[in-house]
Amino acid sequence: MPQPLEDAFDHARAPYVDALRTLVANDWQRFHVPAHQGHEPNAPGVAALVGAQALTLDFPMSIVGIDQRTWRSAATGSPTPLSAAQVLAADAWGATRTWFLTNGASGGNHVATMVARALGRQAIVQRSVHSSVIDGIAHVGLTPHFLQPAVDDGLNAALGVTPAQVAQALAEHPDAASVFIVSPSYFGTAADIRGIADVAHRHGVPLIVDEAWGAHFGVHVDLPVNAARLGADLVVSSTHKGAGALTQAAMLHLGHGEQSRSLEDLVDRVVRSFQSTSSSALLLASLDETRRHLMTAGQSSISAAIASANTIRAGIGESGRYTDATPQLSKHDASAATDPLKVVIDMRAAGITGNEAQHVLIRDHRIYAELATPTSLLLLIGATSPADPERLLTALEALPTLHSKAVRGLRLPAPAPRALGVQEAFLSRTEIVSADDAIGRVSADSLAAYPPGVPNSLPGEILTKDVVEYLRAMAAAPSGFVRGAVDPRLDTFRVVA
């Protein structure tokens, strides 16, 4: 494990950022990549996009002064500003070790699935995992035993799984070597991580958590506790989503306890095999700076952001037209906590669908929600980015009434029977067939309709009539999207030949 530099837990420090800025302060003549070599005239179009200062900060990996502590190259494994920044991040999120990732939480999920496969061929997996997990399963040949998450049918929102579900799955599949779940959900509901971790550890297996939507958890007293502190062994964190790092910047946290300790060497080797050897200094620096801000001056901003979200909820409740869906989502057994910075607006009695509301909000008010569905609007408020409640509430009040009847979302189809393993189907020879001819065939793709993002068909599963019709209906919806489809309209499907 990398050793911390001096004053390792002084969160006012950002060792990687400070080293990068010190390096840039020198007048360099560069004879190394990237090809623009930090000079605006060499890439004027790029400079116009990101700013001339960004070009000067765009150093490659293994640069003396950033990845090394002095002008002389240090021995491999010696403490560096980057390793010090990762030690500070581990302390901030209550982890025993943290790795910075520059290929997003998707890259973290690929690491996690490789780790799961190294532990054994079988795993218990929440079905509503991100598509990158399904891709990882296909890549490494893991055999998943899927757990269906709770779904709020009215809002068509996928939530989480319970300790009881995990316990039953482990009892039914004693050869499973890991448990892989998602918490919080896209709609901000967090599972009972402590309870699920206890169940997994009683069975002698680690708990892996995709905490992409909870990167800000655990850094403020009014936010839910994060998964690493609740007993998870490996946690994927999409730091750019709620915490404020640059897009594609993420972290991977190692938990505490026997299962976590046994994973460290394996995780480190897998991270090295997946991480780019040309990691962006800008992305790495954004992770370091985000941690510093969250843990210091950003604390007051987090309080203000939560207060603004609560003001929006209060205004929605007083409107008489819209409903704050948080209480409804919280009542599910799979919801142990909720993210106060996710505001879910129930649009079913509003006289306008969420899709239509999103269109008007963008066109007339320049307000853009994170997600719109026929039944809801989902607002994401950044952890250190207080919203303007008055502007939003005024715009909501001005929305036209277009329908007299309440709208209702499509009901999720039941998971289909499995004919082949995920990897076998993914790597098989394929063919493209019409939607009608796809019924009864074996899917070669992972197909997930957004919302709610639960995979409706996985490689190796039979495409049933209900699944095909649901996916086509979602693709035709105003804001519908089916990730993984060979044809955006789903007139055709890719199946095993």
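Since the model is a prediction, treat every value here as computed from it, not as a measurement.

Topic: the overall build of the protein chain
Working step 1: A tally of helices and strands in the protein chain yields 18 helices and 20 strands.
Working step 2: Here the C-alpha radius of gyration of the protein chain, 23 Å, is about what a compact globule of 497 residues would show, namely 23 Å.
Working step 3: Considering only C-alpha atoms, the protein chain reaches an extent of 70 × 55 × 45 Å along its principal axes.
Working step 4: In the protein chain, buried positions account for 56% of the 497 residues.
Working step 5: Sequence separation of at least 24 residues holds for 71% of the intrachain contacts in the protein chain that already meet a minimum separation of 6.
Working step 6: Entry remark: accessible area of the protein chain is about 20700 Å², with carbon and sulfur atoms responsible for 52%.
Working step 7: Measuring between centres, the 37 positive side-chain charges of the protein chain sit 3 Å from its 47 negative side-chain charges.

Points about the pattern of salt bridges
Working step 1: The final tally for this structure, using the stated rule, is 18 salt bridges.
Working step 2: Across the salt bridge formed by Arg-269 and Asp-265, the nearest N and O atoms sit 3.3 Å from each other. Taken together, the residues Arg-269 and Asp-265, both in helix H10 (residues 258-274) and four residues apart, mark about one turn of the helix. Exposure class is identical for Arg-269 and Asp-265. Each is exposed.

Describing unusual backbone geometry
Working step 1: The omega angle of the peptide bond from Val-33 to Pro-34 is 0°, so this bond is cis rather than trans.
Working step 2: Within the fold, Pro-34 resides in the loop between helix H1 (15-24) and helix H2 (44-50).
Working step 3: Cis geometry marks the peptide bond from Ser-183 to Pro-184, where omega comes out at 0°.
Working step 4: With respect to the helices and strands, the residue Pro-184 is situated in the loop between strand E6 (179-182) and strand E7 (189-190).
Working step 5: Residues other than glycine seldom take positive phi values, yet Gln-37 does so here, at roughly 50°.
Working step 6: Structurally, the position occupied by Gln-37 is in the loop between H1 and H2.
Working step 7: Overall, Gln-37 belongs to the partly exposed group, its relative accessible area being 30%.
Working step 8: Of note, the phi angle at Gln-248 is positive, near 90°, even though the residue is not glycine.
Working step 9: When you line up the elements, Gln-248 lands in the loop between helix H9 (239-242) and strand E10 (250-254).
Working step 10: For Gln-248, a relative accessible area of 42% corresponds to the partly exposed category.

Looking at the environment of Gly-160
Working step 1: Within the secondary structure, Gly-160 sits in the loop between strand E5 (157-158) and helix H7 (163-172).
Working step 2: Between the alpha carbons of Gly-160 and Ser-128 there is a distance of 8.2 Å; along the sequence they are 32 residues apart.
Working step 3: Those residues in contact with Gly-160 that lie beyond four places of it in its chain are Gln-126, Pro-149, Ala-150, Gln-165 and Ala-334.

A look at the nonpolar core
Working step 1: In this structure, Phe-100, Tyr-322, Val-343, Ile-345, Met-347, Leu-377 and Leu-396 are the most contacted members of the largest nonpolar core, which totals 55 residues.
Working step 2: For this core, the secondary-structure elements that each account for two or more residues are H1, helix H4 (81-92), helix H11 (281-295), helix H12 (298-319), strand E13 (342-346), helix H14 (354-365), strand E15 (376-380) and helix H15 (389-398).
Working step 3: Counting 43 residues, the second largest nonpolar core, distinct from the first, contains Ile-137, Trp-213, Ala-250 and Val-270.

Brief notes about the environment of Ile-362
Working step 1: Within the secondary structure, Ile-362 is located in helix H14.
Working step 2: On the basis of relative accessibility, which here comes to 28%, the residue Ile-362 falls in the partly exposed class.
Working step 3: Each residue touching Ile-362, except ones within four places of it in the same chain, is listed here: Ile-367 and Tyr-368.

Examining the sheet that holds strand E19 (residues 481-483)
Working step 1: What the three strands build is an open sheet, ordered E18-E17-E19; its pairing is antiparallel. Whereas interior strands pair on both sides, the edge strands pair on one side only; in this sheet they are strand E18 (455-457) and E19. On average, adjacent strands in this sheet sit at an angle of 40° to one another, irrespective of strand direction.
Working step 2: Relative to E18, strand E17 (residues 447-450) runs antiparallel, the two being bridged by two bridges. Within E18, the residue paired with Leu-447 across the bridge is Ser-457.
Working step 3: Seen against the sheet, helix H18 (residues 465-476) touches E17, E18 and E19 and runs at an angle of roughly 45° to E17.

What counts, and at which threshold
- Residues numbered from 1 in each chain as written.
- Predicted model: local features only at pLDDT ≥ 70, side-chain atom pairs only at ≥ 80, totals over all residues.
- Heavy atoms only, no water.
- Helix = DSSP H or I, 4+ residues; strand = E, 2+ residues; numbered from the N terminus.
- Rg over C-alpha atoms; globule rule 2.2 N^0.38 Å.
- Buried < 20%, exposed > 50% of the residue type's maximum accessible area, 1.4 Å probe, protein only.
- Contact = heavy atoms within 4.5 Å.
- Areas by Shrake-Rupley, 256 points an atom, 1.4 Å probe, with all protein chains shown as cover.
- Lys, Arg positive; Asp, Glu negative; His and termini not counted.
- Charge placed at Lys NZ, Arg CZ, Asp CG, Glu CD.
- Salt bridge = Lys/Arg side-chain N within 4 Å of Asp/Glu carboxyl O.
- Core = buried A, V, L, I, M, F, W, Y, C linked by side-chain atoms within 4.5 Å.
- Pairing = 2+ DSSP bridges.
- Axes fitted to C-alpha atoms, helices over the stretch in contact; angles between N-to-C directions.

Functional significance is not addressed by these values, which are geometric in nature.
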